[in-house]
Amino acid sequence: MPAPDAIAKLVDRYAQHADSYQQPSYNETALRREFIDPFFRALGWDVDNESGYAEAYKDVIHEYSLRMGESTNAPDYCFRIGGVPKFFVETKKPSVDIKSDVGPAFQLRRYAWTAKLPLSILTDFEEFAVYDCLAQKPVKTDKASHARTMYLRYTDYLDRWDELAELFSPEAIRRGSFDKYAASGKRKRGTAEVDDAFLREIEEWRNELAKNLALRNPELSQRELNFAVQRTIDRIVFLRICEDRGIEEPGQLQALLNGNKVYPRLCELFQQADDRFNSGLFHFTAEKGRGEPDELTLSLNIDDKTLKPIIKRLYYPESPYAFAVMPADILGQVYEQFLGKVIRLTRGHQAKIEEKPEVKKAGGVYYTPTYIVDYIVQQTVGKLVEGRTPQEVGGLTKTFKPSKRARPLSVLDPACGSGSFLIGAYQYLLDWYRDWYEQDGPARHKERLYQAGADDWRLTTAERKRILLAHIYGVDIDPQAVEVTKLSLLLKVLEGENRESLKRQRQFLHERALPDLGANIKCGNSLIGPDFYRGKQLELFDEEEMLRINAFDWGSEFKEIMAGGGFDAVIGNPPYLNAVEERTRFSDECAEYVRKKFNAAKGAFDASILFQESGLHLLCDGGRTSMIVPNKFMSAPFGRAFRSYASSVGHLDLLADFSTANVFRGVGVYPVIYAMTKSNNGKATGIQTERWTASQEGLTCEWSRMSDRLSAETDTWDELFSTCGGLLDKIKSLPRIKDFFDVCASATVDEAYRIKPFLKQGNESKGAFRFLTSGAIDRYRSLWTVKTIRYLKCNYSRPILPQSCPELSENRLAQYASPKLIIAGMTKRLEAIYDSGEIAGAVPTLQILAKANSPLSLKALLAIVNSQFVDWVFRQYFGSLSLAGGYLRIGAPQLKELPIPVSIATRDATVDLTSLEELVENLQAAHMQLDLAKTAHERCVHERRINELDMEIDRIVFRMFGICDEEILSSIEAEY
């Protein structure tokens, strides 16, 4: 499309007066007003907020630094979609040479790199430069052309307007073209994004501080050393961020580089901060109503040679970070990874950094993406405040003062980690209160709002503190995580403040800027209460063991909330550990306690299920809980007790499948998000079911609909995701495989590990069981290769194993020696083989079907299981179990629920089961002939024969299920 007239006029005006604009006296403010604002209006941006959007949803934030305090270290514009920053624009006077000057380019890249924005713009209108800001960590010596993806002069605007509009207009961003362009940039391997770089930075600090503190303070215990290192880093980071945001005196930490005795002078800054902030982060003297003060760190010794490099790396030109624009979620991501390691003291009192055992088992720490946090907060806090007033939500009187009788809405994360969910909930409430006060009339809420600019209303610090203390609660077993959560929340309180506003608050309100969060964010074991010690001899537990167990009493720690029935919202991303890992994490006594306390602690349970059940316990009537958890709880046996309990105490409102959305990149976790209401009134309208997928354009909802209400007796939740309700409703009344056949795993985890050392590879010997893995099973045939086959010498009644190895049960041996079907446990479609009694297949992922009480032969069942229709039904029922790449997790609980045709139960004469069995035998023989074929022609003939037999079997199975609708048949066959 041609450039708008407004752009043509801007270009013409600049050309006529270019000499005057390029004079040093022509400043940036005039440039923005006369050229930059109109330029982006022409692109479609609501530069002046003519739409009247609330602060959180404005398209454009001017002088972005004002939102972070009085700092000048932030860009001139932030352009957003739905309140989410997409790119920065930094302006310079036309007298600045943007094409060659390295300073402005480094400045812009530093801002955007810290904020994790892929593209941003540097312009003086005469020149227009676009930078790929995530391509590489910015370095002060980079040329101005480094990472620059587009360079235009003002004379190019008319000819290339289409290109600019296709990238930087709000409509283009919503269509995804901006993201595609950003993704097309070639990223250099090994380059670090800001969270990776800052993580490495503070990990180096931890290493340096730990070694020096251990050396200079030999009396420190391991626990005290971890506390001192963590608290020192937290305090330095907090003060440095406050400097860049205009809250603290700029350069006060940097000034410590001049002279000696850096740590004593740093401690003076810490003590001054205590006077200003009242935060537990800086708490050195006992005060009424506050927790225990820190009586350790101010008396420690730290060498200047350790502290000076740390402080130096926080400032330009050594530092690439623009702390004024570092989002809270990035700081949370960094700390989440940071907390995965711990300092250990050797016998010689030397400090070693090690990964925590539970993190090592889990393969690392995985931070919850912000969009997941926002989604869960909306499903809980968002639903609970809908249609209510601040008096109702905040427990306030009609004059908006705290009421002693009405309680505020309470939000809990029982495994808060670095605090990402609590930050999300807090931000949601801040926005909700501000918008409500503004719509109700700002003049009526002068104690809670102040005006920072035209149409820019903000909550006062006092109100931000009240909201935090009234609504936000968290618990974590890791004391370091608790402190990081507090740090993140405190930084959130200070957003938008500056030195003068805090000084006025101290003078006139006689209040320090920050609250002490000791009563809101607590350290404890959310799963183990003080009753753990009941009936036990306390002298058997030393101090270290008691600190590790960290029993937590919900009734006393949150007395008022629990006395009032419980929390209104419980949210989070609980730890994921299976039962084996739980046993190593807990002592035997703890494991026994957990199994007695929780309904869901059955079999091979996942730790997340305990937090799910605990979340329901902690809710008040009418409260809502939402968590992101592994999808296997919806159908696995260990989830049955939770599903039954959940359906009996409330109702499921939402089940959203994110298993193929790549939420936790590179990790084998396939999550769902559920939302429930705890209620005794039984009122429910249905379940919202959604399926989300990830693509290059981002995360999208593939489909969303209302499903039927579940009952307490429902055995699985997976079929809620069925996309063909009519047909599936028809087959719901059919018998299931479990009605006629025994279904179980080919071995338990323990059995598989016991057998593994005795398996032999090589030639088959008489009387030996053959062992298979999932990869050796195809439809109707086993893929025997040297790599997949293993033997166990056995006489079919008792394996020949060393006396030290526990024997397999008689039932298991009888099962291996009996005719059966063996089903692969992780494949792209259902794949089963028939075995006459020679294959053990003792791998936990394989499943076995054995005949129990059925008129149907195993070979006829083999045809049904391998058919297109039953595979399609499996996907409809258990689609949420799909893995990345299209693989399915196939377990006994799912196989048991697959339908058997009515004709089997009624012996319908329209289907000749004998002919079906013959087709299966012919198909098996054809596969054997294919394996023996030597020439391409022979293979082609046998492959055609296999396809013909397969299609004939499918037609019979369709007829057995009574499916003759051509449209349905076509849609199913299209998937194959």
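Residues numbered from 1 in each chain as written. Predicted model: local features only at pLDDT ≥ 70, side-chain atom pairs only at ≥ 80, totals over all residues. Heavy atoms only, no water.

**Considering the overall build of the chain**
Turning to step 1, where the next piece is worked out: Looking only at helices and strands, one finds 36 helices and 29 strands in the chain.
Turning to step 2, where the next piece is worked out: Here the analysis covers contacts within the chain between residues at least 6 apart in sequence; of these, 72% occur between residues at least 24 apart.
Turning to step 3, where the next piece is worked out: For the chain, the exposed surface amounts to about 42,300 Å²; the carbon and sulfur share of it is 49%. (Helix = DSSP H or I, 4+ residues; strand = E, 2+ residues; numbered from the N terminus. Contact = heavy atoms within 4.5 Å. Areas by Shrake-Rupley, 256 points an atom, 1.4 Å probe, with all protein chains shown as cover.)

**Focus: the side chain of R466**
Turning to step 1, where the next piece is worked out: Along the chain, R466 turns up in helix α17 (residues 461-471).
Turning to step 2, where the next piece is worked out: Non-local contacts of R466, meaning those with residues more than four positions away in its chain, are made with G394, L396, Y433 and Y437.

**Description of the packing of aromatic side chains**
Turning to step 1, where the next piece is worked out: Enumeration over the complete set of coordinates arrives at 55 aromatic pairs.
Turning to step 2, where the next piece is worked out: With centroids separated by 5.0 Å and ring planes inclined at 55 degrees, the aromatic side chains of Y21 and Y26 adopt a geometry described as tilted. Comparing Y21 with Y26, the two get one shared label, buried.
Turning to step 3, where the next piece is worked out: For the pair F400 and Y437, a centre-to-centre distance of 6.0 Å together with 75 degrees between the ring planes defines the contact as edge-to-face. Of the two residues, F400 sits in the loop between α15 (390-394) and β9 (411-413) while Y437 sits in helix α16 (residues 420-440), which places them 37 residues apart along the sequence. For the pair F400 and Y437, one class covers both residues: buried.
Turning to step 4, where the next piece is worked out: The ring centre of F270 lies 5.4 Å from the NZ or CZ of R235, which sits over that ring.
Turning to step 5, where the next piece is worked out: Across from the ring centre of Y834, 5.1 Å away, lies the NZ or CZ of K859, which sits over that ring. (Phe/Tyr/Trp six-rings, centres within 6.5 Å; stacked < 30°, edge-to-face > 60°. Buried < 20%, exposed > 50% of the residue type's maximum accessible area, 1.4 Å probe, protein only. Lys NZ or Arg CZ within 6 Å of the ring centre and 35° of its normal.)

**So, helix α18 (residues 479-493)**
Turning to step 1, where the next piece is worked out: Here α18 is 15 residues long and its end C-alpha atoms lie 21 Å apart, about the 21 Å a rise of 1.5 Å per residue gives.
Turning to step 2, where the next piece is worked out: The buried count for α18 comes to 14 of 15 residues, which makes it a mostly enclosed element.
Turning to step 3, where the next piece is worked out: Measuring from the side-chain oxygen of the N-cap residue of α18 to the backbone nitrogen of Q480 gives 2.9 Å; that N-cap residue is D478. (Expected span 1.5 Å × (residues − 1). Polar contact = N/O pair within 3.5 Å; in protein donor to acceptor, adjacent residues only side chain to side chain.)

**Some thoughts on the sheet that holds strand β20 (residues 741-745)**
Turning to step 1, where the next piece is worked out: As summarised here, the arrangement of the 4 strands in space is β20-β28-β25-β27, forming an open sheet in which the pairing is antiparallel. Each edge of the open sheet carries a strand with a single partner, namely β20 and β27 (832-835). Pairs of neighbouring strands in the sheet enclose a mean axial angle of 25 degrees, with direction left out of account.
Turning to step 2, where the next piece is worked out: Across 4 bridges, the pairing between strand β25 (residues 820-823) and β27 is antiparallel. By the bridge assignment for β27, L821 is matched with Y834.
Turning to step 3, where the next piece is worked out: Across the sheet, helix α30 (residues 858-865) is in contact with β20, β25, β27 and β28 (847-851); its angle to β27 comes to roughly 170 degrees. (Pairing = 2+ DSSP bridges. Axes fitted to C-alpha atoms, helices over the stretch in contact; angles between N-to-C directions.)

**Comments concerning the sheet that holds strand β2 (residues 77-81)**
Turning to step 1, where the next piece is worked out: The strand order β1-β2-β3-β4-β5-β6 describes an open sheet built from 6 strands, whose pairing is mixed. Whereas interior strands pair on both sides, the edge strands pair on one side only; in this sheet they are β1 (60-62) and β6 (148-153). Between one strand and the next, the sheet's axes are offset by a mean angle of 20 degrees, whatever the strand orientation.
Turning to step 2, where the next piece is worked out: In the sheet, β1 pairs with β2 via 3 bridges, with the strands oriented antiparallel.

**A word on the pairing of β25**
Turning to step 1, where the next piece is worked out: Going residue by residue along β25, you find K820 and I822 tucked away on one face and L821 and I823 tucked away on the opposite face as well.
Turning to step 2, where the next piece is worked out: Relative to β28, β25 runs antiparallel, the two sharing 3 bridges. Each residue of the ladder has a partner; that of L821, found in β28, is L849.

**A closer look at the packing of helix α5 (residues 161-168) against helix α7 (residues 177-184)**
Turning to step 1, where the next piece is worked out: One way to put it is that α5 packs onto α7 with a least axis distance of 6 Å and a crossing angle of 95 degrees. Considering the angle they form, α5 stands roughly perpendicular to α7. In contact with E166, L167 and F168 of α5, α7 contributes S177, F178 and Y181.
Turning to step 2, where the next piece is worked out: The residue makeup of the contact of α5 with α7, split by class, is 4 nonpolar, 1 polar and 1 charged. (Parallel < 35°, antiparallel > 145°, perpendicular 65-115°, else oblique. Nonpolar A, V, L, I, M, F, W, Y, C, P; charged D, E, K, R; others polar.)

**Topic: the environment of A519**
Turning to step 1, where the next piece is worked out: By secondary structure assignment, the location of A519 is in the loop between α19 (499-509) and β13 (521-523).
Turning to step 2, where the next piece is worked out: Along the chain, A519 and L469 lie 50 residues apart, while their C-alpha atoms are 8.5 Å from each other.
Turning to step 3, where the next piece is worked out: Other than its neighbours up to four places away in sequence, A519 contacts Y473 and F558.

**Digging into the pattern of salt bridges**
Turning to step 1, where the next piece is worked out: Applying the stated criterion across every chain yields a total of 39 salt bridges.
Turning to step 2, where the next piece is worked out: The partner of D48 in a salt bridge is R41, and the shortest N-O contact between them spans 2.8 Å.
Turning to step 3, where the next piece is worked out: The class for D48 is partly exposed, based on a relative accessible area of 38%.
Turning to step 4, where the next piece is worked out: For R41, a relative accessible area of 36% translates into the label partly exposed. (Salt bridge = Lys/Arg side-chain N within 4 Å of Asp/Glu carboxyl O.)

**Concerning unusual backbone geometry**
Turning to step 1, where the next piece is worked out: Of the consecutive residues Y316 and P317, the connecting peptide bond is found in the cis state with omega at 10 degrees.
Turning to step 2, where the next piece is worked out: As for its position among the elements, P317 is in the loop between α11 (304-312) and α12 (328-338).
Turning to step 3, where the next piece is worked out: With phi around 60 degrees, K116 is a residue other than glycine that occupies positive phi space.
Turning to step 4, where the next piece is worked out: Looking at the element boundaries, K116 is found in the loop between α4 (102-115) and β4 (119-123).
Turning to step 5, where the next piece is worked out: Taking relative accessible area as the criterion, K116 reaches 25% and is therefore assigned partly exposed.
Turning to step 6, where the next piece is worked out: Phi is positive for A147, close to 70 degrees, though the residue is something other than glycine.
Turning to step 7, where the next piece is worked out: If you trace the backbone, A147 turns up in the loop between β5 (127-132) and β6.

**Describing the environment of D195**
Turning to step 1, where the next piece is worked out: Residue position: D195 is located in helix α8 (residues 194-216).
Turning to step 2, where the next piece is worked out: In this structure the C-alpha to C-alpha distance between D195 and Q337, which are 142 residues apart in sequence, comes to 9.6 Å.
Turning to step 3, where the next piece is worked out: Excluding residues that lie within four positions of it along the chain, D195 makes contacts with K116, I330, Q333 and V334.

**Considerations on the confidence of the model for the chain**
Turning to step 1, where the next piece is worked out: The pLDDT averaged across the chain works out to 82; a share of 81% of its residues lies at or above 70.
Turning to step 2, where the next piece is worked out: Between residues 579-584, whose pLDDT stays under 50, and residues either more than four places distant or in other chains, the model counts 10 contacts. (pLDDT = per-residue confidence, 0-100.)

**A word on helix α1 (residues 5-16)**
Residues three or four positions apart in an α-helix share a direction because the helix packs 3.6 residues into each turn.
Turning to step 1, where the next piece is worked out: Between its first and last C-alpha, α1 extends 17 Å over 12 residues, near the 16 Å set by a 1.5 Å rise per residue.
Turning to step 2, where the next piece is worked out: When α1 is considered as a whole, its buried residues turn out to be I7, L10, V11 and Y14. For α1, the buried positions fall inside an angular range of 95 degrees around the axis, keeping them on one side. Relative to its buried face, α1 has exposed residues pointing more than 90 degrees away, namely D5, K9 and Q16. (Arc of directions from axis to C-beta.)

**Re the nonpolar core**
Turning to step 1, where the next piece is worked out: Core analysis: the largest hydrophobic core is formed by 113 residues, its most contacted members being F198 and F238.
Turning to step 2, where the next piece is worked out: In this structure, V743, A832, F874 and F961 belong to the second largest nonpolar core, which totals 48 residues. (Core = buried A, V, L, I, M, F, W, Y, C linked by side-chain atoms within 4.5 Å.)

**A short note on the packing of helix α25 (residues 607-618) against helix α26 (residues 640-649)**
Turning to step 1, where the next piece is worked out: α26 packs onto α25 with a crossing angle of 15 degrees between their chain directions and a minimal axis gap of 11 Å. Accordingly, the angle class assigned to the pair α25 and α26 is roughly parallel. Relative to α26, α25 is oriented so that their crossing is left-handed. The residues of α26 that touch α25, namely those facing I609, Q612, E613, L616 and H617, are F642, Y645, A646 and V649. (Left-handed = near helix turned anticlockwise from the far one by under 90°.)

**Topic: the environment of D303**
Turning to step 1, where the next piece is worked out: Note that D303 resides in the loop between α10 (262-277) and α11.
Turning to step 2, where the next piece is worked out: We classify D303 as buried; its relative accessible area is 18%.
Turning to step 3, where the next piece is worked out: Separated by 91 residues in the primary sequence, D303 and N212 place their C-alpha atoms 7.1 Å from one another.
Turning to step 4, where the next piece is worked out: When sequence neighbours within four positions are dropped, the list of residues in contact with D303 reads N212 and R216.

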